[in-house]
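Each chain, letter by letter, is given below.
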Amino acid sequence: QVQLVESGGGEAQPGGSLRLSCAASGSIDSMVTMAWYRQAPGKQRELVATIASGGTIVYKPFVKGRFTISRDNAKNTLYLQMNNLKPEDTAVYFCRYGSDTWGQGTQVTVSS
């Protein structure tokens, strides 16, 4: 069993930055693809970015150039560096391990 705990969320002003972390524990396989998702109020959860075991990274167009996904296998941690934040980035951000293991989420609020 793998457990995921997100952290690093909070409030930021437009144009600001936050770095989210997802600490994994349990029977972790570094070959498994991980991802960040987000869910804004009243909206469905949407994919933000994925990072595969071989290092291949895919970003959704609305974050490309602003967000960076990375993983530190030695620390069993997934990161999402978010720069140039926009109000529409406001959401609960979740990390995912494989296809069916989720963290509890961390709130990101971007407002003036």
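A brief report on the enclosed structure follows. If you're wondering where the values come from, they're calculated on a predicted model, not measured in any experiment. (Residues numbered from 1 in each chain as written. Predicted model: local features only at pLDDT ≥ 70, side-chain atom pairs only at ≥ 80, totals over all residues. Heavy atoms only, no water.)

With that out of the way, let us pick up the pattern of salt bridges. Scanning all chains against the criterion turns up three salt bridges. Note that arginine 38 and aspartate 89 form a salt bridge whose closest N and O atoms lie 2.9 Å from each other. Here arginine 38, found in strand E4 (residues 34–39), pairs with aspartate 89, found in the loop between strand E8 (77–82) and strand E9 (91–97); they are 51 residues apart in sequence, far enough to count as distant. Assigned by exposure class, arginine 38 and aspartate 89 land together as buried. Aspartate 89 serves as the salt-bridge partner of arginine 66, at 2.7 Å between the closest nitrogen and oxygen. Within this pair, whereas arginine 66 is found in the loop between strand E6 (57–59) and strand E7 (67–72), its partner aspartate 89 is found in the loop between E8 and E9, the two being separated by 23 residues in sequence. Accessibility classification places arginine 66 together with aspartate 89 in one group, the buried group. One salt-bridge network, in which partners are shared between bridges, spans Arg38, Glu46, Arg66 and Asp89. (Salt bridge = Lys/Arg side-chain N within 4 Å of Asp/Glu carboxyl O. Helix = DSSP H or I, 4+ residues; strand = E, 2+ residues; numbered from the N terminus. Buried < 20%, exposed > 50% of the residue type's maximum accessible area, 1.4 Å probe, protein only.)

It is worth spelling out the environment of proline 14 at this point. Note on placement: proline 14 falls in the loop between strand E2 (10–12) and strand E3 (18–26). Taking relative accessible area as the criterion, proline 14 reaches 38% and is therefore assigned partly exposed. Counting along the chain gives 88 residues from proline 14 to tryptophan 102, while the straight-line C-alpha distance between them is 28 Å. When neighbours within four sequence positions are excluded, proline 14 is seen to be in contact with Leu85, Pro87, Val110, Ser111 and Ser112. (Contact = heavy atoms within 4.5 Å.)

Turning our attention to the sheet that holds E3. Taken together, four strands build an open sheet; the order of strands is E1-E3-E8-E7 and the sheet is antiparallel. For this open sheet the edge positions go to strand E1 (2–7) and E7, each flanked by a neighbour on one side alone. Going across the sheet, the axis of each strand differs from the next one's by a mean of 15°, ignoring polarity. (Pairing = 2+ DSSP bridges. Axes fitted to C-alpha atoms, helices over the stretch in contact; angles between N-to-C directions.)

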